[in-house]
Amino acid sequence: MTNALEALRELRGRYLVIWVIPIILLALVSFAPQILDDGDTFWHIAAGRWMIAHGAVPATDPFSDTFAGKPWLTHEWLSEVVMAGAWLAAGWSGVMLLTGLAVAALAALSGAWLLRWLSPLSAVAALALGLACVAPGMLARPHLLALPVLALWTIQLLKAREAGRAPPLWTALLMVLWANLHSSFVVGAGLAVALALEAALDFKAWRRQTLIGWAAFLALTLAAMLATPHGVDGVTFPLTVLNMKALPAIAEWLPPDFMQLSPLEIALLAGLFAAFWRGVRLTAVRTAILIGLIHLSLQHVRQEVLLGAVAPLLLAEPLGRALGRTAAARVRWAVPAPQTALGVALIAAALIGRIGVGEVRVDGPTAPVTALAHVPADLRRWPVLNDYDFGGYLIFEGVRPYIDGRADMYGDDFVTHDQDLQNGSVSDLTAAIARYHIRWSILRPGRPLVGVLDRTPGWKRLYADKFAVIQVKTVP
């Protein structure tokens, strides 16, 4: 009787963590309009549409007015094609469903790994803290599509270390996919190098064959990282971006604000509490990995997603041992037929419901839908001075922007110049109008530049609402 009750309890816990929670997340994220609030989503889809239409990955910018024809490294090209495919197939509902599926896959993979070392309750708590860190980055953008790959990659590395062997060579093929989805693949490479070092330093379990296996895996991983349209430039690109001086001008590259309680702070405090209370012990290498992820999260808010995705996986075994678990449990994905049927039915309901209920884009902080609709077609063809946050929407609607979210392409000097311009620099405005033959502008109402244009002779307002102001040049 006791064994039967224990088996039933295990089944319920497993079903909750790897079936119910991911399905709930699929539904919640797929129907959350907030995941479309980032302006970059527009130009990512536009880029994917361009690639599908032309059957090629662009090497130069086909979208902007200011940088047209100049080099553009499309490091997220595969994600953009997938996003555009979802949009072409089912509109914005398809994009939202794709995002929900990515989050659900991340939760399912992570939950299954956590259950190997933790009770269902502890696994749910760890998963919740991790996803809380991911939540601010739950946007319809390429980095989210790469998170399930990050989780699977990390799990395979940890499983290899747990078994005292090298990762299977097929795992390196994940890097080919990842390197073409998003530049976070360099984090995966770093994890592989770190855990290979841990294997080399584990003298008690030292075996020549294992070390040779790790070396072969790292070599294949490096080759996979180069298997992109950009080769070496694709590998060095993330480091180039991190060294940009203009990053503080972009919200997602700012450090977190600890003046208000945030998911990151809650996760860090909960982790410290568990570590001190239960005496969690990590190897030196894994401690360094964890500290590195925390460091990145404290530097830039966008890096919190990496901490949220990797830290629970990294801490599962040491936390489980601290709680009394002596060996990893076997976690099966399969459940009895009734539970499987229920799960499949719920997934089908989420898919059909999301596709069946259309999503119409309305005005928002990055989508000046009504304002742009008031711009005559002949005026749209002229050069525009736009808000940084509106660039993606303009590209999506076929308008060539002055600037958009591709700060890496525009470079430090131009992004800094645009920042001064948005803040109302008259000299920068005069130079921009003369050099780029600006005929109209679309800016957020609170920008100082709006007031400057209002006071500039030969300019007048065409339209204004709470999201955007349209101003036009009335004299040649």
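Our structure's up above, just so we're on the same page.
Every residue gets a number counted from 1 within its own chain, in the order that chain's sequence is written. In keeping with the predicted nature of the model, local features appear solely for residues at pLDDT of at least 70, side-chain atom pairs appear and are counted solely at 80 or more, and the whole-chain, interface and lining totals rest on all residues. Heavy atoms from the whole structure form the basis of all side-chain values; hydrogens and water molecules are not counted.

Caption draft 1: Focus on the nonpolar core. Formed by 106 residues in total, the largest nonpolar core has its most connected members in Trp-214, Trp-440 and Ile-442. Elements are defined by DSSP. Helices are runs of H or I of four residues or more, strands are runs of E of two residues or more, and each kind is numbered from the N terminus. Of the residues forming this core, the biggest block, 14 residues, is contributed by helix 3 (residues 77-115). Contacts are assigned to residue pairs with any non-hydrogen atoms lying within 4.5 Å of each other. Those residues in contact with Ile-442 that lie beyond four places of it in its chain are Pro-368, Ala-371, Leu-372, Val-384, Leu-385, Asn-386, Asp-387, Phe-390, Leu-394, Ala-468, Val-469 and Ile-470. Formed by 37 residues, the second largest nonpolar core is a distinct cluster that contains Ala-47, Phe-63, Tyr-388 and Leu-449. In these notes, a set of buried Ala, Val, Leu, Ile, Met, Phe, Trp, Tyr and Cys residues joined through side-chain atoms within 4.5 Å is what counts as a nonpolar core. Relative accessibility thresholds used throughout: buried, under 20% of the residue-type maximum; exposed, over 50%; partly exposed, between the two (1.4 Å probe, protein chains only).

Caption draft 2: Main features of the pattern of salt bridges. What makes a salt bridge here is a side-chain nitrogen of Lys or Arg within 4 Å of a carboxyl oxygen of Asp or Glu, nothing more. Scanning the entire structure with this criterion turns up 17 salt bridges. Its salt-bridge partner being Glu-162, residue Arg-116 comes within 2.7 Å of it at the nearest N-O pair. Of this pair, Arg-116 sits in the loop between helix 3 and helix 4 (120-134) while Glu-162 sits in helix 5 (residues 142-163), and the two are 46 residues apart along the sequence. On the basis of relative accessibility, which here comes to 15%, the residue Arg-116 falls in the buried class. Residues Asp-454 and Arg-461 are paired through a salt bridge, measuring 2.8 Å at the closest nitrogen-oxygen approach. Residue classification places Arg-461 among the partly exposed residues on the basis of a relative accessible area of 43%. Connected through salt bridges with shared partners, the residues Asp-38, Asp-40, Arg-141, Glu-252 and Arg-302 form a single ionic network.

Caption draft 3: Highlighting helix 10 (residues 263-278). Expected span, for any helix, means 1.5 Å times one less than how many residues it has. Its 16 residues place the ends of helix 10 22 Å apart at the C-alpha level, agreeing with the 22 Å of an ideal helix rising 1.5 Å per residue. Immediately downstream of helix 10, the backbone of Gly-279 shows phi near 70°, a positive value.

Caption draft 4: Here's a closer look at the packing of helix 5 against helix 12 (residues 304-322). Running from N to C, helix 5 and helix 12 cross one another at 25°; their axes reach a closest spacing of 10 Å. Between helix 5 and helix 12, the interaxial angle falls into the category roughly parallel. Regarding helix 5 and helix 12, the two cross each other, and that crossing is right-handed. Counted together, Leu-147, Leu-150, Ala-151, Thr-154, Ile-155, Leu-158 and Glu-162 of helix 5 and Val-305, Leu-306, Ala-309, Val-310, Leu-313, Leu-314 and Glu-317 of helix 12 form the full contact between these two elements. Polarity classes work like this: nonpolar for Ala, Val, Leu, Ile, Met, Phe, Trp, Tyr, Cys and Pro, charged for Asp, Glu, Lys and Arg, and polar for all others, with Gly in that last group. Residues of the contact of helix 5 with helix 12, tallied by class, amount to 11 nonpolar, one polar and two charged. Lines fitted to C-alpha atoms define the axes, with helix axes restricted to the stretch in contact, and inter-axis angles between N-to-C directions lie between 0 and 180 degrees. An angle below 35 degrees is read as roughly parallel, one above 145 as roughly antiparallel, one from 65 to 115 as roughly perpendicular, and any other as oblique. Each crossing is labelled by how the near helix is turned from the far one, with a counterclockwise turn of less than a right angle marking it left-handed and a clockwise turn marking it right-handed.

Caption draft 5: Focus on empty space enclosed by the protein. A cavity here means a set of 1 Å grid points, computed over protein atoms only, where a 1.4 Å probe fits but cannot escape. A pocket is an open set with protein on both sides within 12 Å along at least 5 of 7 lines, and lining residues have an atom within 4 Å of a point. Grid points are joined across faces, edges and corners, and a volume is the space filled by probe spheres set on the points. Summed over all chains, the structure comprises five cavities of 30 Å³ or more. In this structure, the largest cavity encloses a volume near 50 Å³. Around the largest cavity, the lining residues are Leu-106, Ser-110, Ala-126, Leu-127, Gly-130, Leu-131, Val-134, Gly-308, Ala-309, Pro-312 and Leu-313. Elements with a contribution of two residues or more to the lining of the largest cavity: helix 3, helix 4 and helix 12.

Caption draft 6: Molecular detail of the pairing of strand 2 (residues 440-443). Side chains Trp-440 and Ile-442 project from strand 2 onto one buried face, and the interleaved Ser-441 and Leu-443 project onto a second face that is buried too. Bridge count for strand 2 against strand 4 (residues 469-473) is four bridges, and the pairing is antiparallel. Opposite Ser-441, over in strand 4, you have Gln-471 as the bridge partner. Two strands qualify as a pair provided DSSP detects at least 2 bridges between them.

Caption draft 7: Structural view of the packing of aromatic side chains. When the centres of two rings from Phe, Tyr and Trp lie within 6.5 Å, Trp using its six-membered ring, the rings pair. Their planes under 30 degrees apart give stacked, over 60 give edge-to-face, and anything left gives tilted. One pass over the structure, following the stated rule, counts 18 aromatic pairs. Ring centres of Phe-67 and Tyr-410 lie 4.9 Å apart, and the angle between their planes is 70°; on these two criteria the pair is classed as edge-to-face. Of the two residues, Phe-67 is situated in the loop between helix 2 (40-54) and helix 3 and Tyr-410 in helix 17 (residues 407-422); the sequence distance between them amounts to 343 residues. Here Phe-67 and Tyr-410 have matching classes, each one buried. Both rings, one in Tyr-410 and one in Phe-414, keep their centres 5.4 Å apart while their planes meet at 20°; by these two values the pair is stacked. With Tyr-410 and Phe-414 both in helix 17, this residue pair falls four residues apart, about one helical turn. Grouping residues by exposure puts Tyr-410 and Phe-414 together as buried. Through a chain of ring-to-ring contacts, the aromatic side chains of Phe-42, Trp-87, Trp-92, Tyr-393 and Phe-396 assemble into a single cluster. Between Arg-354 and the ring centre of Phe-31, over which it is positioned, the NZ or CZ distance is 4.5 Å. Two conditions define a charge sitting above a ring: the NZ of Lys or the CZ of Arg must be within 6 Å of the ring centre, and it must be within 35 degrees of the ring normal.

Caption draft 8: Expanded view of the side chain of Asp-428. Looking at where Asp-428 falls in the secondary structure, it is placed in helix 18 (residues 426-436). His is not counted here, nor are the chain ends, while Lys and Arg score as positive and Asp and Glu score as negative. Buried and unpaired, Asp-428 has Arg-435 as its nearest opposite-charge partner, separated by 9.5 Å. Side-chain atoms alone can form a polar contact between residues adjacent in sequence; in general such a contact is a pair of N or O atoms within 3.5 Å, and within protein one must be able to donate a hydrogen while the other accepts it. Side chain to side chain, Asp-428 and Ser-425 meet in a polar contact 2.8 Å long. Setting aside residues up to four positions removed in sequence, Asp-428 forms contacts with His-417, Asp-420 and Leu-421.

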